[in-house]
Every structure is written in structure tokens, then in C-alpha cells.
Amino acid sequence: EGGASSGGREEVEAEEAEERGRRAEQLKTDGNAAFREARYAEAVRLYSAAVELEPENGVLFSNRSGALTALASYDLALADADRCTALRPDWPKGFARRAAALHG
């Protein structure tokens, strides 16, 4: 009985993770739209909500860093760029975000 219960729990956890991923992707898409429309504070809010759902997603930190840079919140932008590069050290965009925050 323990094995079946454990398997059921793992299945539920996998489904919940998948749903969080879908919600995070939608929030990212909405954040990208807000960013393109120069609604940077809204983009930060949307990316932040996505980060809560997927805290290991480096792209979300990169995107939020870009929006924070646009708002001249350079210290916060730098922190997000650093988190992005820690999560995705082989992805150049995180380092570009870091440079933009430092330059600001």
C-alpha cells in the first residue's frame, strides 16, 4: 500500500509542477508584452510572480533584470542578473544583463 500511495503522491506532485510551469510561462509571456509596451513596473510584477512559481528559471531573472534596468533600479537588476548567471553560466544574455545593470 505504501508504494501505491507514494506513486500517487509523486504523480500529483509532477502534475502540480507541470501546472506551475504553465502558469509561469503565461506570466512570462504577459511580462514580455508589458516590457515591449514600456510598462516596466507591470513587467517586473509579472516576472516576479513567475519567479515565485519557478525560482530556478534563469530566463525569468534575466527578463526581470531587464525590466528593473529600464526602471533604473540597478542594484535589484544586478542581483537578478547575478542569479541568472548562477543558474545559467553558459548563457551570455545573463552577463549582458549584468553589464547593463552595472553600466546604469
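Just so we're clear, the structure is a prediction, and the values are computed from it rather than from any experiment.

(A) Spotlight on a negative patch on the surface. Taken together, Glu10, Glu11, Glu13, Glu15 and Glu16 make up a surface patch of like negative charges. Residue placement: Glu16 occurs in helix H1 (residues 2–36).

(B) Up close: the packing of helix H2 (residues 40–53) against helix H3 (residues 58–70). Packing of H2 against H3 brings their axes to within 9 Å, and their N-to-C directions diverge by 155°. By the angle class used here, H2 and H3 are roughly antiparallel. In this structure, the crossing between H2 and H3 has a hand that is left-handed. Seen from H2, the contacting residues are Tyr40, Ala43, Val44, Tyr47, Ser48, Ala50 and Val51; seen from H3, they are Leu60, Phe61, Asn63, Arg64, Ala67, Leu68 and Ala70. A class-by-class count of the residues in the contact of H2 with H3 yields 11 nonpolar, two polar and one charged.

(C) The arrangement of the packing of aromatic side chains in detail. Counting across every chain of the model gives one aromatic pair. Ring geometry for Phe35 and Tyr40: centres 5.2 Å apart, planes at 70°, overall edge-to-face. Of the residues examined, Phe35 reaches a relative accessible area of 29% and is grouped as partly exposed. What makes Tyr40 partly exposed here is its relative accessible area of 25%. When the ring centre of Phe61 is taken as reference, the NZ or CZ atom of Arg83 above it lies at 5.8 Å. Sitting over the face of the ring of Trp91, Arg88 holds its NZ or CZ atom 4.4 Å from the ring centroid.

(D) Structural context of the environment of Pro55. One can find Pro55 in the loop between H2 and H3. Separated by 23 residues in the primary sequence, Pro55 and Leu78 place their C-alpha atoms 17 Å from one another. Not counting residues within four places of it along the chain, the set of residues in contact with Pro55 comprises Phe61, Arg83 and Leu87.

(E) Focus on the environment of Arg98. Tracing the chain through its elements places Arg98 in helix H5 (residues 92–103). For the pair Arg98 and Ala24, spaced 74 residues apart in sequence, the C-alpha separation works out to 23 Å. Leaving out residues up to four positions away in the same chain, Arg98 has contacts with Leu78, Ala81 and Asp82. At 2.6 Å, the side chain of Arg98 forms a polar contact with the side chain of Asp82.

About the cut-offs
- Residues numbered from 1 in each chain as written.
- Predicted model: local features only at pLDDT ≥ 70, side-chain atom pairs only at ≥ 80, totals over all residues.
- Heavy atoms only, no water.
- Patch = residues over 30% accessible without salt bridge, like charges linked within 9 Å, V, L, I, M, F, W, Y side chains within 5 Å.
- Areas by Shrake-Rupley, 256 points an atom, 1.4 Å probe, with all protein chains shown as cover.
- Salt bridge = Lys/Arg side-chain N within 4 Å of Asp/Glu carboxyl O.
- Lys, Arg positive; Asp, Glu negative; His and termini not counted.
- Charge placed at Lys NZ, Arg CZ, Asp CG, Glu CD.
- Helix = DSSP H or I, 4+ residues; strand = E, 2+ residues; numbered from the N terminus.
- Axes fitted to C-alpha atoms, helices over the stretch in contact; angles between N-to-C directions.
- Parallel < 35°, antiparallel > 145°, perpendicular 65-115°, else oblique.
- Left-handed = near helix turned anticlockwise from the far one by under 90°.
- Contact = heavy atoms within 4.5 Å.
- Nonpolar A, V, L, I, M, F, W, Y, C, P; charged D, E, K, R; others polar.
- Phe/Tyr/Trp six-rings, centres within 6.5 Å; stacked < 30°, edge-to-face > 60°.
- Buried < 20%, exposed > 50% of the residue type's maximum accessible area, 1.4 Å probe, protein only.
- Lys NZ or Arg CZ within 6 Å of the ring centre and 35° of its normal.
- Polar contact = N/O pair within 3.5 Å; in protein donor to acceptor, adjacent residues only side chain to side chain.

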